[in-house]
Amino acid sequence: MKERLQKLLSQSGICSRRKAEEYIQSGRVMVNGVMAQLGDKASFEEDTVTVDGKPIAPEEKKLYIMLNKPKGFVTTMSDEKGRKTVWDLVKECQVRVWPVGRLDLNSEGLLIMTNDGDLTQRLIHPSHMIEKEYVTWVSGNVEKAVPILQTKIVDAGEVFLPAKVKVIRQFEHVSVISITIHEGKKHQVRRMCAHAALTVKRLIRVREGFLHLDKQLKKGEWRHLNESEIAQLTK
Ligand code: URA
């Protein structure tokens, strides 16, 4: 359906409808190679609309998803080895959303997925110091390990900053500890634990910044973030 050009320009995220009137009046907008007049209509499907010579297209709606990632899924959109991916779990959302940061194949829990590139950059950049909290089932001597985890660790030439650590529960052979870090280096928590002589049995990300893993989400389930969560994430 043909719509007024002002509407198409605002749907493409170029400018407001009011500003679009100015663009049209100043001759910056063309429809199929002809300079547009105020009042002209066009459609994204049938016509080529340009602003300053550049074609415009509808802006993709931004989507923000929280997935409770189960074990055994790769944190990518497609896998050359044919393994199951997190995209397989969320694809019914019908928008190509990608994972923000990584969770190992056998790690579980909170994974944000979005098609918002700016947000992705912001969340994964270490300068933003967003806390990531992992509940970790480990075997080994926790009393000895905790102070090591709370100190700077150098592993294979890579520096891991001190973690915040809480012991949640201790059983005979396994302990449950919470480890909070700011960085997102490859296998970071597992490598930190190995350095502290702990063996990781299970690793669940339960929080990123203010965003907690929704306990209502079963493994493999996802939900859209609500407006207030999106506002806090994107502010
Ligand atoms: N640290 C790890 O070692 N693995 C993860 O999946 C996340 C953090």
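Everything numeric in this text was worked out from a predicted model, so none of it was measured.

**Some thoughts on the side chain of arginine 205**
Part 1 of the argument: Residue placement: arginine 205 occurs in strand E15 (residues 199-208).
Part 2 of the argument: Apart from the residues within four sequence positions on either side, arginine 205 is in contact with Val100, Arg102, Leu103, Glu108, Gly109, Leu110, Leu111, Lys132, Glu133, Tyr134 and Leu213.

**Concerning the nonpolar core**
Part 1 of the argument: Residues Val90, Val97 and Leu149 are the most contacted members of the largest nonpolar core, which totals 36 residues.
Part 2 of the argument: Going through the elements one at a time, strand E7 (64-69), helix H3 (86-90), strand E9 (108-114), strand E10 (132-139), helix H5 (142-149), strand E14 (175-181), helix H6 (188-195) and E15 are the ones with two or more residues in this core.
Part 3 of the argument: If sequence neighbours within four positions are ignored, valine 97 has contacts with Leu63, Ile65, Met77, Trp87, Val90, Met113, Thr114 and Asn115.
Part 4 of the argument: Judged by nonpolar contacts, the second largest core, of 15 residues, contains Ala20, Val31, Ala36 and Phe44.

**Some details on the layout of surface pockets**
Part 1 of the argument: Its volume calculated, the largest pocket comes out at about 380 Å³.
Part 2 of the argument: Around the largest pocket sit 24 residues that line it, and Arg102, Tyr134, Gly184, Lys185 and Arg205 are the ones nearest its centre.
Part 3 of the argument: Elements that contribute at least two residues to the lining of the largest pocket include exactly helix H4 (117-124), E10, H6 and E15.
Part 4 of the argument: Of the residues that constitute the lining of the largest pocket, the class distribution is 9 nonpolar, 6 polar and 9 charged.
Part 5 of the argument: A volume near 310 Å³ is recorded for the second largest pocket.
Part 6 of the argument: Every element with two or more residues in the lining of the second largest pocket is listed here: E9, E10 and E15.
Part 7 of the argument: Considered class by class, the residues forming the lining of the second largest pocket number 6 nonpolar, 3 polar and 7 charged.

**Overview of the packing of aromatic side chains**
Part 1 of the argument: The full count for this structure, using the stated rule, is 0 aromatic pairs.
Part 2 of the argument: In this structure, arginine 28 is placed above the aromatic ring of tyrosine 23, and the distance from its NZ or CZ to the ring centre is 4.0 Å.
Part 3 of the argument: Over the ring of tryptophan 137 we find arginine 202, and its NZ or CZ is 4.9 Å from the ring centre.

**Observations concerning the pairing of strand E13 (residues 164-170)**
Part 1 of the argument: As defined by bridge partners, E13 adjoins E14 across 6 bridges and the pair is classed as antiparallel. In the sheet register, valine 165 faces E14, and the bridge partner there is isoleucine 179.
Part 2 of the argument: Connecting the antiparallel pair E13 and E14 is a turn made up of 4 residues.

**A word on a nonpolar patch on the surface**
Part 1 of the argument: The grouping of Val154, Val159 and Leu161 at the surface amounts to a nonpolar patch, some 220 Å² of accessible area in total.
Part 2 of the argument: With respect to the secondary-structure elements, valine 154 resides in strand E11 (residues 153-155).
Part 3 of the argument: Under the relative-accessibility criterion, valine 154 is labelled partly exposed at 49%.

**Some points on the pattern of salt bridges**
Part 1 of the argument: For the structure on display, the rule yields 18 salt bridges.
Part 2 of the argument: A salt bridge links aspartate 79 to arginine 83; the shortest N-O distance between them is 2.9 Å.
Part 3 of the argument: Accessibility expressed as a relative area gives 14% for aspartate 79, which makes it buried.
Part 4 of the argument: Among the charged side chains, a network of salt bridges with common partners joins Glu131, Glu133, Lys164 and Arg207.

**Considerations on the site of the ligand**
Part 1 of the argument: Contacts to the ligand come from Leu103, Asp104, Ser107, Tyr134, His187, Gln188, Val189, Arg190 and Leu203.
Part 2 of the argument: In the model, an oxygen atom of the ligand is placed 3.2 Å from a nitrogen or oxygen of the histidine 187 main chain.
Part 3 of the argument: In the model, a nitrogen atom of the ligand is placed 3.1 Å from a nitrogen or oxygen of the valine 189 main chain.
Part 4 of the argument: Starting from 240 Å² of accessible surface for the ligand in isolation, the protein chains cover 96%.
Part 5 of the argument: Because more than half of its atoms lie within 2 Å of the grid, the ligand is assigned to the largest pocket.
Part 6 of the argument: Residue classes in the shell around the ligand are distributed as 4 nonpolar, 3 polar and 2 charged.

Rules behind the numbers
- Residues numbered from 1 in each chain as written.
- Predicted model: local features only at pLDDT ≥ 70, side-chain atom pairs only at ≥ 80, totals over all residues.
- Heavy atoms only, no water.
- Helix = DSSP H or I, 4+ residues; strand = E, 2+ residues; numbered from the N terminus.
- Contact = heavy atoms within 4.5 Å.
- Core = buried A, V, L, I, M, F, W, Y, C linked by side-chain atoms within 4.5 Å.
- Buried < 20%, exposed > 50% of the residue type's maximum accessible area, 1.4 Å probe, protein only.
- 1 Å grid on protein atoms, 1.4 Å probe; cavity = no way out; pocket = protein on both sides within 12 Å on 5 of 7 lines; lining within 4 Å.
- Points joined across faces, edges and corners; volume = space filled by probe spheres on them.
- Nonpolar A, V, L, I, M, F, W, Y, C, P; charged D, E, K, R; others polar.
- Phe/Tyr/Trp six-rings, centres within 6.5 Å; stacked < 30°, edge-to-face > 60°.
- Lys NZ or Arg CZ within 6 Å of the ring centre and 35° of its normal.
- Pairing = 2+ DSSP bridges.
- Patch = residues over 30% accessible without salt bridge, like charges linked within 9 Å, V, L, I, M, F, W, Y side chains within 5 Å.
- Areas by Shrake-Rupley, 256 points an atom, 1.4 Å probe, with all protein chains shown as cover.
- Salt bridge = Lys/Arg side-chain N within 4 Å of Asp/Glu carboxyl O.
- Near = heavy atom within 4 Å.
- Polar contact = N/O pair within 3.5 Å; in protein donor to acceptor, adjacent residues only side chain to side chain.
- Sits in = over half its atoms within 2 Å of the grid points.

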